[in-house]
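Structural overview
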Amino acid sequence: MEQNHAGHQHENMEQSVDRVNRRPLAIALVITSTFLVTEVIGGVLTNSLALLADAGHMATDAAALALSLFAVWLARRPATPQRSFGFYRAEILAALVNAATLVLITLYIFWEAFQRLDEPPEVDSGPMLIVAFAGLAANVASAWVLARGGGHKDNLNTRGAFLHVMGDMLGSVGAIIAALVMLATGWYLADPILSAGIGLLILWSSWRLLRESVEVLLEATPAHIDA
């Protein structure tokens, strides 16, 4: 009976890994990597913190997607005598790294925004708006591909990659709003203030992912089970 239970558990773990589709992650990685260079150049030329923050976040998006793909590949490897349960926890480790990276990026955005509050630099709002709209389109495409894959619903690793892209999409929205405000009023404080606001949203979602990843690694009782 124990053998049947172990076999059933192993079968469930295999099904959990097989549900993760690598193709959406790969497509999102290509889209993100392709647009990254454009946003970096746009942020430097327009002197926009919102664009540079978004570009930095997009760089970590690419790293996060690549890490998630590697973790999915590693989790599919067969068990060994040394690792009798295989490499399934690799995906949880990838989710933990992605969440921690998001928290660090948010703290950096807060610091840069604070530095700019006293003397906000002039921003070239017109080109910034164009680049921000292009960034939003790229992020929407990546988010749509990942959402269609469905893995973000029950897989922490894929959810970490999805949250990276969603956070970047919010960054693009913030950059668009900041550009529109500066174009209409010339109020350059809009750039760091909106950057900090987007940072708060990213911090909230990444903290939840970080907490869930740690709970899995500590083998805590799942939230839906009454111990």
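On a predicted model such as this, the values are computed, not experimentally measured, just so you know.

**What to know about the overall build of the chain**
Secondary structure summary: the chain contains seven helices and zero strands in total. Its helices and strands taken in sequence order, the chain reads α-α-α-α-α-α-α from the N to the C terminus. For the chain, buried positions account for 44% of its 227 residues. For the chain, restricting intrachain contacts to residue pairs at least 6 apart in sequence, the fraction spanning at least 24 positions comes to 80%. As displayed, the chain has an accessible area near 12,200 Å², and 65% of this comes from carbon and sulfur atoms.

**As for the packing of helix α4 (residues 89-117) against helix α6 (residues 156-185)**
Between α4 and α6, whose axes approach to 7 Å, the crossing angle comes to 25°. Accordingly, the angle class assigned to the pair α4 and α6 is roughly parallel. The way α4 lies across α6 gives a crossing that is left-handed. Across the interface between the two elements, E91, I92, A94, A95, N98 and L102 from α4 touch L156, N157, G160, A161 and H164 from α6. Of the residues assigned to the contact of α4 with α6, the class counts are six nonpolar, four polar and one charged.

**Looking at the environment of T46**
Looking at where T46 falls in the secondary structure, it is placed in helix α2 (residues 22-46). Here T46 falls in the buried class, since its relative accessible area comes to 3%. On a C-alpha basis, the gap between T46 and D124 in space is 4.7 Å, while along the polypeptide they are 78 residues apart. Discounting chain neighbours no more than four positions away, the residues touching T46 are L51, E122, V123, D124, P127 and M128.

**Considerations on helix α7 (residues 190-217)**
One turn of the α-helix equals 3.6 residues, which is why residues spaced by three or four share an orientation. Spanning 28 residues, α7 covers 40 Å between terminal C-alpha atoms, matching the ideal 40 Å at 1.5 Å per step. For α7, the set of buried residues is A190, D191, P192, S195, I198, G199, I202, S205, S206, L209, L210 and S213. Following α7 by one or two positions, E219 adopts a phi angle in the positive range, close to 60°.

**A short note on the nonpolar core**
Membership of the largest hydrophobic core comes to 19 residues, with the highest contact counts inside it found for F35, L51, M128, A132, A175, I176 and M182. Of all the secondary-structure elements, those providing two or more residues to this core are α2, α3 (49-75), α5 (125-149) and α6. What A132 contacts, discounting residues up to four positions off in sequence, is L51, S172, A175 and I176.

**Focus on the pattern of salt bridges**
Side chains that differ in charge, positive against negative, can pair when their charged atoms come close. Within this structure, the stated rule accounts for one salt bridge. Across the pair D191 and R116 runs a salt bridge whose closest N-O atoms are separated by 3.6 Å. Highlighted residues: D191 in helix α7 and R116 in helix α4, separated in sequence by 75 residues. Neither D191 nor R116 differs from the other in exposure class; each is buried.

So, how was this worked out
Residues numbered from 1 in each chain as written. Predicted model: local features only at pLDDT ≥ 70, side-chain atom pairs only at ≥ 80, totals over all residues. Heavy atoms only, no water. Helix = DSSP H or I, 4+ residues; strand = E, 2+ residues; numbered from the N terminus. Buried < 20%, exposed > 50% of the residue type's maximum accessible area, 1.4 Å probe, protein only. Contact = heavy atoms within 4.5 Å. Areas by Shrake-Rupley, 256 points an atom, 1.4 Å probe, with all protein chains shown as cover. Axes fitted to C-alpha atoms, helices over the stretch in contact; angles between N-to-C directions. Parallel < 35°, antiparallel > 145°, perpendicular 65-115°, else oblique. Left-handed = near helix turned anticlockwise from the far one by under 90°. Nonpolar A, V, L, I, M, F, W, Y, C, P; charged D, E, K, R; others polar. Expected span 1.5 Å × (residues − 1). Core = buried A, V, L, I, M, F, W, Y, C linked by side-chain atoms within 4.5 Å. Salt bridge = Lys/Arg side-chain N within 4 Å of Asp/Glu carboxyl O.

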